[in-house]
Amino acid sequence: MLKHIIRTRSIRAKAILTLVALATTIPVAAWNVATRRATAHGATLAPAPAPSAADNPVEARRRADFAAMQTFRPGYAFWQHVFTIPDHSIAFGSAVDGRLLATFPAKGDWTRQAVWTDPTLAYILEGQRLSRKLSERREQVTLLLERAAGPVLQNSTRGDALLRNVRRYGPFLAEWSAIYERFGVPAEIGLAQVILESGMNGTRRSEANAVGFCQWLHRNWKRLNYFSPTPIEGLNQTTQAPYCAAYLSVLATKYGSFIPALSEHNAGGTNVGRTLINGEHLGAGDVRARYFLGSKLARDLRALPGRQYAHVYRSYGPRSFLYAEMVFGNTFNVKSLIASTPQISIYAMRTPRAISLAEIIRRTSLPADEVRRFNPALVERVPAQATLYLPSYVSEFGPDVAFWRRSSSPSYVVVLDDFMRLEAGAERWDDPAFAPVLSDFKRRFRETNTEEGGVMATVLAYAMDQSYTSSRRTLLSEFRNSARVRRLIERGMLELDAMRDAQGVRVAAATF
């Protein structure tokens, strides 16, 4: 019976893969940041060639990722609302198409203080006695909404982090977009992660001591600095952006998709590796299907009473399950912010000496707060050989290193294109036998003698250090070959099927 069920699940997984293959042929809107790069001062950033999915690995990867998101998590657009509605509310949306249905106050009378985006659903609370306990009330309303509107997602709103920073940092989004795209990362995906992680605040610090733009741990910035030929000031967004983008580019090339690459940022490479292996056990072959099926299995097993399946899901939790979905939902916000916020230029100067804030103010006539808006890490002075950012170029502060404002070097373009066409496969990349391939690319990037080439060389050195000095490869090999894991998956699938037969299929409410 077990073998029959596993075979049946394999057939189901293959059917899903067929849907993914069909979905990838559907045109997906490609948001070309190059068309949005006119600044408030009339300057124009270096134009980017229009991508073609047929010959551009980034565009092909992006299209396939959005198609897979539409297939496996069609409600992902819901998350754009979660991160633009101020805190202290509960948002409910459709898991079918992501549209916002209603918003309720975290504290207050839901029968009178609801904001119905879809007014036709307001009747569902008529005559209902809602629980005083918030978690139970959320579940009640979820069930009521599902009867009327189908599967529902719901989450507490998280808009404060972004909204408080839009006026101050929103005008930089086009420049940051150009930086991300220089490293082969679609701007809407890279900056959507930034919205999720820091709300664009370069000085944000988490309880886990993650800091800055894309919330890297302090020890990771320190290690990255070890490999960098120039100082990396981890609190300046425009300093951080190239490294955040380059690392995401490396991971997306490793996996062949931005979806598990984003998840590794949140959950770690070992958890993502286990998730992909679980997807393999369910019969999925494509990396996106493996990730989504494996992540759903981890989420569903974690929701069962007790911890009998903990060996399967480990520390892969609810936020890990939602992470890539939340990022892709925020891509709508990136597009909207760039279109609605006047954009300004960012120029970069590599300082040959330490330069004080007083000297910068005196030379530029900018107020201190405006200088610090461009350089959040600046307290009293910019260190020698660091980078100073300003709304215009000042030659006496050092050579121009704003690489994103210039056309790409042909040598860099060739190396980056070759790199992004490397055969994907996490198991292959984590094998030390693959190190010479990455070492050669590290050399080639450095030999382009470009700023962006130097960043890629530094990040590759960091990524290799992370892969080849950890126990991840051994842990994943043991997990892949574990008979205990296979038995737990088979037993867990039986238990989940029994629950679905008894209770009906239902999408779990989203919470993190």
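This text goes with the structure placed above it.
So, how was this worked out
For every chain, the first residue of the written sequence is number 1, and numbering continues from 1 onward in sequence order. Since the coordinates come from a predicted model, pLDDT governs what is reported: local features require at least 70, and pairs of side-chain atoms require 80 or more to be given and counted, while whole-chain, interface and lining totals use all residues. The side-chain quantities take in all heavy atoms of the structure and omit both hydrogens and water. Note on classification: 1.4 Å probe, protein chains only; a residue is buried when its accessible area is under 20% of the maximum for its type, exposed when over 50%, partly exposed between these limits. The helix count covers DSSP runs of H or I at least four residues long, the strand count covers runs of E at least two residues long, and both are numbered beginning at the N terminus. We treat two strands as partners when DSSP finds at least two bridges between them. The salt bridge definition used is simple: a Lys or Arg side-chain nitrogen within 4 Å of an Asp or Glu carboxyl oxygen. The term polar contact refers here to a pair of N or O atoms within 3.5 Å; inside protein, the definition further demands a hydrogen-donor-capable atom paired with an acceptor-capable atom, and it admits residues adjacent in sequence only when both atoms are side-chain atoms.

### A word on the pairing of strand β10 (residues 387–390)
Consideration 1: Here β10 shows no split at all, with T387 and Y389 on one side and L388 and L390 on the other all buried.
Consideration 2: Here strand β7 (residues 347–350) runs beside β10; their pairing, made up of four bridges, is antiparallel. The residue of β10 that forms the bridge with A348 is Y389.

### Side note on the pattern of salt bridges
Consideration 1: A full pass over the atoms with the stated rule returns 34 salt bridges.
Consideration 2: Two residues, D97 and R99, come together in a salt bridge whose shortest N-O distance is 3.0 Å.
Consideration 3: Under the relative-accessibility criterion, D97 is labelled partly exposed at 39%.
Consideration 4: Note on R99: relative accessible area 34%, which makes it partly exposed.
Consideration 5: We note a salt bridge from D440 to R443, for which the minimum N-O separation is 2.5 Å. Here R443 and D440 lie together in helix α20 (residues 435–446), a separation of three residues that amounts to about one turn.
Consideration 6: Three or more residues joined by partner-sharing salt bridges are found here, namely K296, R299, D300, D497 and R500.

### A few points about the environment of E59
Consideration 1: Residue position: E59 is located in helix α2 (residues 57–72).
Consideration 2: Sequence-wise, E59 and G184 are 125 residues apart; in three dimensions their C-alpha atoms are separated by 9.1 Å.
Consideration 3: Polar side-chain contacts of E59 include one of 2.6 Å to the side chain of R62.

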